[in-house]
Amino acid sequence: MDGSNEVIPEEPTEGRTGVSSEPMEMSQDGQTAQEMAVLPEQPVPMCPVVAINNVDGGNSQGMDSKEARLFAFRGPIAVDQPRSQHALKALSLSKDPLAAAKEKEGAPEDAAKKEGAREDAGADALLGPLWSPSGMTIRGILPSTWARRQDTTALRTALGEDTAGTTHPEGAGPPGPPLALPEPKGAISSPRSGCREQETQQRSGEDDGRDGSASLVWEAMPGMLFQEDKQTRLHPLSLSWVLGYNSSLAVHSLMDREDRVLLYVSSHTVVIHDVLGNKQNHLQGHTNAISCLCVSEDRRWVATADQGPDALIIVWDSFSGIPVRTIFESHPEDGVSAIAVSRDVKYLATISAATVQRVCVWNWTSPTEKPMCSTELRPEFGYQDYVIFNPQNPYEFVSNSKTQVIFYLWGNAGLQYGAPLLNSQTFNSVVGHFSQSVFHFNNLQALTGTSAGKLVVWDTVSPHTPSKELQVKPHSMKATKLVPMQKDSLTVLMVFESCIVTGDVKGQVKFYNGELQLLTCYSHSKVGPIRSISFSKTPPDPLGASPACSTSCTSSSQPFVARNFILSTSDATVLHVATDRTNFEKVMEEAKKAVNAIACHPRQALIAVGSHCGLLKVWDYQQTKYLVSRIFTEAGIQCLSYDTEGYFLAAGFTDGSIYILDAISLQSSCKEFKFSRGPVTHISFSHDLEYLATADENYSVTVYKRVLQNGSRCWEHLAGLRSHYKPIRSILFGVQLDSNKPRLLSLGEDRQLVEYDLNSSSKDHLVVLHRDQVEQVAVPLCLAWYPQLSTESFILTANNCYKMKLYNTTTKMCRKTLLGPTYGSPLEKIQILPTTDSMDAQKRYLAYITKDKVGLQILPVDGNPHKSSAFICHPDGVSDLASSYDGRYIFTAGGQDCTVMKWEVNLNALDAAASLGGKDLIPFYSLLDGGREGEFFRELEDYFYYAQLRSHGIDTLETRQVSTHIPLKEIPSVMRAMGFYPSEEEIEEMINEVKFSKYVDTGEEVTKINLGDFIKLYINHRPVFGLSMKKIQRAFQVLGYDNENGDKVIDRGDLLLLLQCRGEHMTEDELARCLTTLLGKHPGGGGSEPDTYDPSGAAALTEEEIPEEITAEIFAADILGLPIAEPEQKNRRKKS
């Protein structure tokens, strides 16, 4: 059996008996286990926006020789990965929070209280003065400075911790029992509930021994989060409300009696929701979706963990909403799959999500970043996804997977565990999959619920004695009984006070005594599979209590009174159960499947939310309440759209059908249409409400028309067309420039922008007016009408290379290419933010989403990185974007995380950030390697002025005219000299961009460019990331073949043929000139003028310098002359 040396835990409480280890007879109904001793009752109380700075666009690396770079190889270049952000730095507490808690709790007045304080030493209330953070943390963005630092030695000594060193190293034993500290004057302690009443008079700094600037944690009280005034929004986007939650995680009740304050997880955010007060508070700090959480018995301390890159463990104070401890790189492999907190709240147990799982025990009140002890589990134990401490012993805990239960002990010798064997042969009965495990309150046994409706009773093999020398080891646990409780699968198992509580797939909650005799049962026909149960902190009023039992009776003559509790189900429903009235009250009902569709009403504060489960809800986002809903049982909702007046709401479904609904009642205004062969991905109305267009996964566009029939207007199918051969990314209605008639465009990943002729289209015949290719290499991802900020009208697109492009609405000519936001992934959807009458008409803004972020961009777009800001919204992916009719709010849908987030817009903060970034060329200098004073900029100046000399003739003796400009024809040469190798189409777009920049306003063409404009042109057009060896290797994978050594190679003749016949064709003379220049051979003697170059002898040179078989490494290093990494250098030497 795996495990380290024996660990001696604390002495368990004696004098209790529990489930017998002797064989027992099972009752026919499986409800009870009979021969049990009654246990004495002993009540047990119920158990801590990230703004992302835009990264620069990267710097392309050129060739070593400046002269050779003037005439470089042409064609699209490879892209590299973005520059990584700075590593996170760990936060640490300057004062042990538990020590501070006990200092606040105070000393008892007699020995009995002192002894009780020793037993309950822990985090009943984390009230000590801490560093108070004013910001959240993600990679590269550290929190603001905490309030102050304080010496922790005295308080840690008071807790009985070792102060000779900084903390207990990994494998060190647990600290001794803490000492009670004096009770401060003016405070009445209530350790069980975590509440405390303050005297009305303020204590001075001299009275409490502090400077008077007590931290928020020290002063925090229950309900404080919702009593504070609304804070000033300091970021361009601030999370305002969250709809939906992660129904696979538990929902916890934080308040007492009839209050409805819930704590749950939505994506990467912890939500504290006052249901009756209609308020929310959000605990933000994770950059990945939260994978697990646990809450202390007094409901004050919340520990959350996530899975993914830079996974974090954060401990929160739920009273103040402050993160009091952050553990970085706890499980760097894959994050955390399960977490638990000890009853004294001093220790955390975590299990990693890696293939080989690692179990760690943390003293989170210590500033160390290392666990106290840890061990690895064998993969055959299965994926351990549940863990819980023994409430009677913080040095003992249990975890389970679907197939294996593991018991742990930790202490001076480290962490040891035992994995007792249990299968169908053990008891000759079906066991089922394990769900959850708990320790019996007798402290001798443990229980595990199974999918077969049974409870596994774990007991010690050897008899227990009070001697510490014979303490129970984890591998001494053995399955002694398999108790059939019911036929339905058990999903929840917990110990509450002196009861064992179960929840099952039928929505039943059953209470058993320590002998597993049924006490009472609560059930409701409309309650789904139970995911969690959370009890009120205080019992109901005994005067009005009755033995409420809805579907079964108690086995005792004494009335059983349970506390009110909160139920959460796996189908995303939360209910409040009043035990004295057997009343099931629905608190929340959210989408249980992916939420991919949202749409905002064009004139009212309403948003429609559609889910794959068929649930459609309309929500008043000002009053934060639901108005109306409808469930479609046939298929899931994929997309939604209001018309421009707000009369209709169109919904596209996963089965290809569409519904046109009344926007208020959600009743169908016409029959269902089903003309799409695949899920409808986009849907949109024309501005005049005459047309409705959809796009589907079959690459088709379908148009519906509103017609007059029998004196009333109704919708009918007009025509459809498979107009793309790759997924359609956007469909967009607009208005023709010379009339008020609608125009329809669609954009696909096939790089085609298609415009349809609606006037000429007839029944079953959709006419295409124009078809334009908008990209050469990049893939366009989204489309929008650009606001009329100048005389010329534009269409705005964004592609997967982080570029935004402006196309003339009439000619479809690319007029500008601009650097877009670079936040780890390209823009997926864009939307022009609506304006209000009070806003400047020339100040417009763009809302966008990337793979996992939402952001704002100041218009006009010019490549300035400071004019954009983004925030993590849905780490697992954003599926849709919508903005309110007045532009005050932005909404994002999280797809698989089943949530919708409401973001409040603060345009002043975005404008301020742009102003702080500098004016004119200052923001662009920062995007050059080394900035304005760097070598790269000086090199750029040299090339720019050399191009001036070339334009006048290198060898001329005539007087030169000094100028700050170069002719447009020199732009390609300087670009290539700087390491950017544009294709011929890209060169044409650059020259046209400058040439026609003033044509609409002045009617004249621009013929030259200055250095400042050239820098902007270079930054906006160059690839966002540098040359990539991987991109070249991928090209060889596609174009090459395997030689006898197994390497991907291209034949020399094939390469020359490809360059002349594929892509942008090169003539033989152009190819010869490029190759001889790249190889550093100038037959004409190396003249400076390219027009004097004689390509004779190039063929012989090519055969001499270029091998017959060319690998990616040879092509990059020997032909292009680019520096490559050492591993590729070694491969190149071997192959040559």
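Up top you'll find the structure we're talking about.
Keep in mind the model is a prediction, meaning the values are calculated, not measured.

**Focus on a negative patch on the surface**
Then, in step 1: Together, Glu-1044, Glu-1103, Glu-1108 and Glu-1109 make up a region of like negative charge exposed at the surface.
Then, in step 2: Within the fold, Glu-1108 resides in the loop between helix H17 (1098-1105) and strand E63 (1109-1110).
Then, in step 3: Look at Glu-1108 and you get exposed, because its relative accessible area is 56%.

**A word on the packing of helix H14 (residues 1029-1039) against helix H18 (residues 1112-1119)**
Then, in step 1: Orientation of H14 relative to H18, taken along the N-to-C sense of each, is 130°, at an axis distance of 8 Å. Taken together, the axis directions place H14 and H18 in an arrangement best described as oblique. For the pair H14 and H18, the crossing hand works out as right-handed. Packed against H14, whose contacting residues are Met-1029, Ile-1032, Gln-1033 and Phe-1036, the element H18 presents Ala-1112, Glu-1113, Phe-1115 and Ala-1116 at the interface.
Then, in step 2: Here the residues of the contact of H14 with H18 are counted per class, giving 6 nonpolar, 1 polar and 1 charged.

**Overview of the packing of aromatic side chains**
Then, in step 1: Considering all chains together, one arrives at 36 aromatic pairs under this definition.
Then, in step 2: Between Tyr-245 and Tyr-264, the ring centres sit 5.6 Å apart and the planes meet at 55°, which makes this aromatic pair tilted. Taken together, the residues Tyr-245 in the loop between strand E4 (237-243) and strand E5 (252-253) and Tyr-264 in strand E6 (residues 261-266) connect sequence positions 19 residues apart.
Then, in step 3: Note on Tyr-245: relative accessible area 1%, which makes it buried.
Then, in step 4: Under the relative-accessibility criterion, Tyr-264 is labelled buried at 1%.

**Some points on the environment of Leu-833**
Then, in step 1: Residue placement: Leu-833 occurs in the loop between strand E52 (829-832) and strand E53 (845-849).
Then, in step 2: Residues contacting Leu-833, with those up to four places away along its chain left out, are Arg-844, Tyr-845, Leu-846, Ala-847, Leu-856, Ser-883, Gly-887, Ile-890, Val-905 and Leu-907.

**Some words on the pattern of salt bridges**
Then, in step 1: Evaluation of the coordinates by the stated rule reveals 26 salt bridges.
Then, in step 2: Close ionic contact of Glu-792 with Arg-815 constitutes a salt bridge, the shortest N to O distance being 3.1 Å. In this pair, Glu-792 sits in the loop between strand E48 (780-785) and strand E49 (794-799) while Arg-815 sits in strand E51 (residues 814-819), placing the two residues 23 residues apart along the sequence.
Then, in step 3: You can call Arg-815 buried: its relative accessible area is 8%.
Then, in step 4: A salt bridge links Glu-989 to Lys-805; the nearest nitrogen and oxygen atoms lie 3.6 Å apart. Placement of the pair is Glu-989 in helix H11 (residues 984-995) and Lys-805 in strand E50 (residues 803-808), with a sequence separation of 184 residues. Comparing Glu-989 with Lys-805, the two get one shared label, buried.
Then, in step 5: In this structure, a network of salt bridges that share partners links the residues Arg-729, Glu-749 and Glu-828.

**Thoughts on the sheet that holds E63**
Adjacent strands of a sheet form backbone hydrogen bonds with each other and so pair up, either parallel or antiparallel.
Then, in step 1: Taken in spatial order, the 3 strands line up as E61-E62-E63 in an open sheet, and their pairing is antiparallel. Each edge of the sheet is formed by a strand with only one pairing partner; in this case those strands are strand E61 (1041-1042) and E63.
Then, in step 2: The pairing of strand E62 (residues 1048-1051) with E63 spans 2 bridges and is classified as antiparallel. The partner of Ile-1050 across the bridge, within E63, is Ile-1110.
Then, in step 3: Of the strands in this sheet, E61, E62 and E63 touch H14, which is tilted by about 70° from E62.

**A word on the pairing of strand E20 (residues 414-418)**
Then, in step 1: Burial analysis of E20 places 5 of its 5 residues in the buried class, which makes it a mostly covered element.
Then, in step 2: What you see with E20 is no split at all: Gly-414, Gln-416 and Gly-418 on one side and Leu-415 and Tyr-417 on the other are buried throughout.
Then, in step 3: Inspection of the sheet shows strand E19 (residues 405-411) paired to E20 by 5 bridges, in the antiparallel sense. Paired with Leu-409 across the strands is Gln-416, a residue of E20.
Then, in step 4: The turn joining E19 and E20, which pair antiparallel and follow one another in sequence, is formed by 2 residues.

**Let's talk about H18**
Then, in step 1: In terms of burial, H18 is a largely internal element, 7 of the 8 residues being buried.
Then, in step 2: Listed in full, the buried residues belonging to H18 are Ala-1112, Glu-1113, Ile-1114, Phe-1115, Ala-1116, Ala-1117 and Ile-1119.
Then, in step 3: One or two positions beyond H18, positive phi appears at Gly-1121, with a value near 75°.

**Thoughts on helix H16 (residues 1068-1078)**
Then, in step 1: Listing the buried residues of H16 in full gives Leu-1071, Ala-1072, Cys-1074, Leu-1075, Thr-1076, Thr-1077 and Leu-1078.
Then, in step 2: Of the residues trailing H16, Gly-1080 is marked for its positive phi of about 75°.

**Brief notes about the sheet that holds E51**
Then, in step 1: In space, the 4 strands of this open sheet follow the order E48-E49-E50-E51, with antiparallel pairing throughout. Since the sheet does not close on itself, it has two edges, and those belong to E48 and E51, each with one partner. The mean inter-strand angle of the sheet, taken between neighbouring strand axes irrespective of direction, is 20°.
Then, in step 2: Sheet topology note: the E49/E50 ladder contains 5 bridges and is antiparallel. If you follow Phe-794 over to E50, its bridge partner there is Asn-808.
Then, in step 3: The strands touched by H11 are E50 and E51; relative to E51, the strand with the most contacts, the crossing angle is about 105°.
Then, in step 4: On the sheet, helix H13 (residues 1011-1021) packs against E50 and E51 and is oriented at approximately 80° with respect to E51.

Reading guide: rules and limits
- Residues numbered from 1 in each chain as written.
- Predicted model: local features only at pLDDT ≥ 70, side-chain atom pairs only at ≥ 80, totals over all residues.
- Heavy atoms only, no water.
- Patch = residues over 30% accessible without salt bridge, like charges linked within 9 Å, V, L, I, M, F, W, Y side chains within 5 Å.
- Areas by Shrake-Rupley, 256 points an atom, 1.4 Å probe, with all protein chains shown as cover.
- Salt bridge = Lys/Arg side-chain N within 4 Å of Asp/Glu carboxyl O.
- Lys, Arg positive; Asp, Glu negative; His and termini not counted.
- Charge placed at Lys NZ, Arg CZ, Asp CG, Glu CD.
- Helix = DSSP H or I, 4+ residues; strand = E, 2+ residues; numbered from the N terminus.
- Buried < 20%, exposed > 50% of the residue type's maximum accessible area, 1.4 Å probe, protein only.
- Axes fitted to C-alpha atoms, helices over the stretch in contact; angles between N-to-C directions.
- Parallel < 35°, antiparallel > 145°, perpendicular 65-115°, else oblique.
- Left-handed = near helix turned anticlockwise from the far one by under 90°.
- Contact = heavy atoms within 4.5 Å.
- Nonpolar A, V, L, I, M, F, W, Y, C, P; charged D, E, K, R; others polar.
- Phe/Tyr/Trp six-rings, centres within 6.5 Å; stacked < 30°, edge-to-face > 60°.
- Pairing = 2+ DSSP bridges.

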